[in-house]
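# Understanding the architecture of this molecule
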Amino acid sequence: MPEGGYWGEPLLKVIQFMRSLSFKRRPNIKFRYGLFDEMSYKIGQMVFDPPDQFSFFSSDYSPPGVFAETDMVSPESELLSMSSVVGLTNGLFSFVNFGLANADAGFGP
């Protein structure tokens with residue numbers, strides 16, 4: 001039975017991953033839509049684009065199953081879906097192999 005842990009927001013995971021690899025954007029390359037393109041479709045979250053005025057998720061969300069039975073909350077888990085988990089995994093794999101590019105469902109433009 002779970003007693004604690006931390007899932008984290010998908011976009012913060014991507015940024016922390018990029019920092020761990022010492023990613024630096026080359027100043028001569030300009031991205032049309034910023035550094036990330038259509039991240040809400042790829043990982044379920046985009047910078048400054050919450051679904052409503054309050055946040056990306058409710059603070060009292062509890063996933064169904066064991067979490068709900070133990071009254072534990074996991075607000076970031078509200079963003080989890082199979083497509084967002086696969087999108088995050090594909091994007092991180094592409095980032096390692098191709099850099100910030102759109103190759104193999106990457107995060108780049």
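Please read all numbers here as calculations on a predicted model, not as lab measurements.

## Some details on the nonpolar core
Ranked by size, the top nonpolar core spans 10 residues in total: Leu11, Val14, Met18, Met39, Ile43, Met46, Leu88, Phe95, Leu100 and Phe107. Breaking this core down by element, the ones donating at least two residues are α1 (10–20) and α4 (82–98). Looking at this core element by element, the count peaks at 3 residues for α1. The contacts of Phe95, once residues within four sequence positions are left out, are Phe17, Met18, Leu21, Phe23 and Leu100.

## Some points on the side chain of Ser84
Considering the arrangement of structural elements, one finds Ser84 in helix α4. Apart from residues no more than four positions distant in its own chain, Ser84 is found in contact with Lys42, Ile43, Gly44 and Leu79.

## Considering the side chain of Ser94
Along the chain, Ser94 falls in helix α4. Excluding its chain neighbours within four sequence positions, the residues that come into contact with Ser94 are Gly99, Ala101, Ala103, Asp104, Ala105 and Gly106.

## Observations regarding α4
Helix length check: α4, at 17 residues, gives a terminal C-alpha distance of 24 Å against a target of 24 Å (1.5 Å per residue), a fit within 8%. Within α4 the residues assigned to the buried category are Ser84, Gly87, Leu88, Gly91, Ser94 and Phe95. Mapping the buried residues of α4 onto a view down its axis gives an arc of 135°, with all of them on the same face. Exposed and facing more than 90 degrees away from the buried side of α4 are Met82, Phe93 and Val96. At its buried positions, α4 is contacted by α1 and α2 (39–42). Positive phi shows up at Gly99, right after α4, with a value of about 80°.

## Let's talk about α1
Among all positions in α1, only Pro10, Leu11, Val14 and Met18 are buried. Down the axis of α1, the buried side of the element spans an arc of 105°, and every buried residue falls inside it. Set apart from the buried face of α1 by more than 90 degrees, the exposed residues are Gln16, Arg19 and Ser20. Structurally, α1 contributes buried residues whose contacts are with α2 and α4.

## Quick notes on the packing of α1 against α4
At a minimum axis separation of 11 Å, α1 and α4 run at an interaxial angle of 15°. Taken together, α1 and α4 sit at an angle that is classed as roughly parallel. In this structure, α1 meets α4 at a crossing whose hand is right-handed. Residues Pro10, Lys13, Val14, Phe17 and Met18 of α1 pack against Leu88, Leu92, Phe95 and Val96 of α4. Looking at the contact of α1 with α4, its residues break down into 8 nonpolar, no polar and 1 charged.

Cut-offs and rules
Residues numbered from 1 in each chain as written. Predicted model: local features only at pLDDT ≥ 70, side-chain atom pairs only at ≥ 80, totals over all residues. Heavy atoms only, no water. Core = buried A, V, L, I, M, F, W, Y, C linked by side-chain atoms within 4.5 Å. Buried < 20%, exposed > 50% of the residue type's maximum accessible area, 1.4 Å probe, protein only. Helix = DSSP H or I, 4+ residues; strand = E, 2+ residues; numbered from the N terminus. Contact = heavy atoms within 4.5 Å. Expected span 1.5 Å × (residues − 1). Arc of directions from axis to C-beta. Axes fitted to C-alpha atoms, helices over the stretch in contact; angles between N-to-C directions. Parallel < 35°, antiparallel > 145°, perpendicular 65-115°, else oblique. Left-handed = near helix turned anticlockwise from the far one by under 90°. Nonpolar A, V, L, I, M, F, W, Y, C, P; charged D, E, K, R; others polar.

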